[in-house]
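# Coordinates in review
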Amino acid sequence: MLLNTSLRKADLASVTTPLLLVAVPKGGLPASLVPLDRAVGGSLARLYAAADFTGKKDQVAALYPDGPIARLLLVGTGDASTASARTIRRAASVAGKRARLAGVTDAMFHLTTEARGAVPEADAVQATAEGLLFGAWHFDALKLPPEESRAALAGVEILAQGAAAEAGHRLGAAIGAAQALTRGLQVLPSNTCTPSFLAAQAEEMAARHTFGITVLDRAAIEREGMGALLAVGKGSAEDPRFIALEYKGAAGAPIVLVGKGVTFDTGGISIKPAERMEDMKFDMSGAAAVLGAFEALGRLRPKAHVIGLIPSAENMLSGTAYKPGDVVRAMSGKHIEVINTDAEGRLLLADALHYARRYDPACVLDIATLTGAVVSALGYTAAAVIGADEALVDEVRRAGDRSGERVWPLPLWDEFREHIKSDIADVKNSGGRPAGTITAAWFLREFAEGYPWAHLDIAGTAYTQSEDAGAVKGPTGMGVRLFTEFVLARQG
Ligand code: BES
Ligand code: MN
Ligand code: ZN
């Protein structure tokens, strides 16, 4: 069941709730909490006096006052001087996770003015809703219910007074729900989440939000001449799909979002090691991010024109699989020498990027768990953004900053093109280890012709391998917030 957030105008000191979550900055008892402290019999003042809680980032303290607030949980946001939508979103996700684990059906969240700092109220409420939904998200559909099951968290009321709160909440709730949809797809195992399953999800969403949709099956993919997508899917019993979604909230040249939809990446004949191969069910995270962005568009209905393209296949090894040394003809007509069948994402993206030309796009953004090398460059903290159009790269970077999904540029100088020169074809699909993220982007550039383009490599940020205070381990929904922010900002 999806958590529902709502707004409530109420006096903090007189609420009745099984759980009150309060975000506070580093320091002593915030002045704005003096009335609440009085309402809970001075227990907040005693907590601070004991120096058990200082409000540093991610710190929490639980109190069990006698009265209408059954539980009171303080969440630290860190230094007030650096308060931002990011610190607020983080505190809200820590709160959301704790609220889910508390075994209550309802809770309230309050952001102190001290923790809000100079962040406008609309932005603060948006970040709060996003954070609560993010932190409370978890996946239990494939587990039997626990013997002693606790109540599921159904609603969190965000206490906010200002007039701008409504607009912020509308955005945050839509984006939070969209990100939950993305994470729910990412986490699904590949025996459920196949290319045809992704297509069915897109069709269901298109019907729900009245999007235009085209799904190409194997025969149609062949007719379109998408030889690179076909090659990747050839070794699998699961047929590939090509999905095109259209949201038309305005006339004019569309923004095209392209997401890598490899539902499982064994590496193919260039097989991957067994260790952590199970993570390769997440290799459709780019596709899931595009679907999530469309979920947000469907809920928010901005004045924008957006196309979503998802090339989807399963990268398997079998007697019908493509092989190292094979040369395939991409839809653009270029020939690709396959050096490594594990560099499959760039192949199916090549055909999608070429397909995008028919829309005469304002710009094209692709998103993909494309290279392990991006982890060497940026760790698990930021995705890479790469493109030849500096203004577009910067626009993406800024959308990433504002949305809290950070991306950072890597260069695309001509010298890097050398690595993907083929002896016998137009281009080869692997440039080896050096600058692996950049050479992969150079390969995509060969097919992203005729429009401004930027590429996002989310291999380090699409999922996590450990739990933290504000999230379960696993899927992050990376890209949904950034894409939504990008589209809304372009809408003006
Ligand atoms: N899906 C992988 C990239 C990946 C690696 C995602 C680790 C998440 C975690 C991609 O298809 C791949 O295998 N890339 C290769 C490219 C190489 C063969 C040129 C890689 O990064 O090793
Ligand atoms: Mn691969
Ligand atoms: Zn892959």
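Located above this text is the structure these notes cover.
Criteria and cut-off values
- Residues numbered from 1 in each chain as written.
- Chains lettered and ligands numbered in written order.
- Predicted model: local features only at pLDDT ≥ 70, side-chain atom pairs only at ≥ 80, totals over all residues.
- Heavy atoms only, no water.
- Core = buried A, V, L, I, M, F, W, Y, C linked by side-chain atoms within 4.5 Å.
- Buried < 20%, exposed > 50% of the residue type's maximum accessible area, 1.4 Å probe, protein only.
- Helix = DSSP H or I, 4+ residues; strand = E, 2+ residues; numbered from the N terminus.
- Contact = heavy atoms within 4.5 Å.
- Near = heavy atom within 4 Å.
- Polar contact = N/O pair within 3.5 Å; in protein donor to acceptor, adjacent residues only side chain to side chain.
- Areas by Shrake-Rupley, 256 points an atom, 1.4 Å probe, with all protein chains shown as cover.
- Donors = N, O, S within 2.8 Å, 3.2 Å for Na, K, Ca; no water.
- Tetrahedral: all angles 85-135°; square planar, octahedral: opposite > 155°, others 65-115°.

Take the nonpolar core next. Judged by nonpolar contacts, the single largest core of 50 residues is most densely connected at Leu257, Phe294, Val396 and Phe483. In terms of residue count, helix α10 (residues 285-300) provides more of this core than any other element does, 8 residues in total. Ignoring sequence-local partners within four residues, the contact set of Phe483 consists of Leu257, Ala289, Val290, Ala293, Leu365, Ile367 and Leu456. Grouped together as the second largest cluster of nonpolar side chains are 49 residues, Met226, Leu230, Val262 and Tyr322 included.

Lining the immediate environment of ligand 1, one finds 17 residues, of which Lys272, Asp283, Asp342, Glu344 and Gly372 sit closest. Side-chain polar atom of Asp265 to an oxygen atom of ligand 1: 2.9 Å apart, as the coordinates give it. At 3.3 Å from a nitrogen atom of ligand 1 is found a main-chain nitrogen or oxygen belonging to Thr369. Computed on the free molecule, ligand 1 has an accessible area of 520 Å², of which 79% lies beneath the protein chains in the complex.

The subject of this paragraph is the coordination of the manganese ion (ligand 2). Bound to the manganese ion (ligand 2) on the protein side are Asp265 (OD), Asp342 (O), Asp342 (OD) and Glu344 (OE), at distances that span 2.0 to 2.2 Å. Coordination geometry of the manganese ion (ligand 2): the 6 donor atoms subtend angles of 72 to 167° at the metal centre, consistent with an arrangement described as irregular. In terms of primary sequence, the donors binding the manganese ion (ligand 2) are separated according to D-x76-D-x1-E. Here the manganese ion (ligand 2) and the zinc ion (ligand 3) are spaced 3.2 Å apart, and both take Asp265 as a donor. You can see Asp265 sitting in strand β10 (residues 261-265) and its partner Glu344 sitting in the loop between β13 (335-337) and α11 (345-355), a full 79 residues away along the chain. Using a relative accessible area of 3% as the deciding quantity, one classes Asp265 as buried. Judged by relative accessible area, Glu344 falls into the buried class, the value being 1%.

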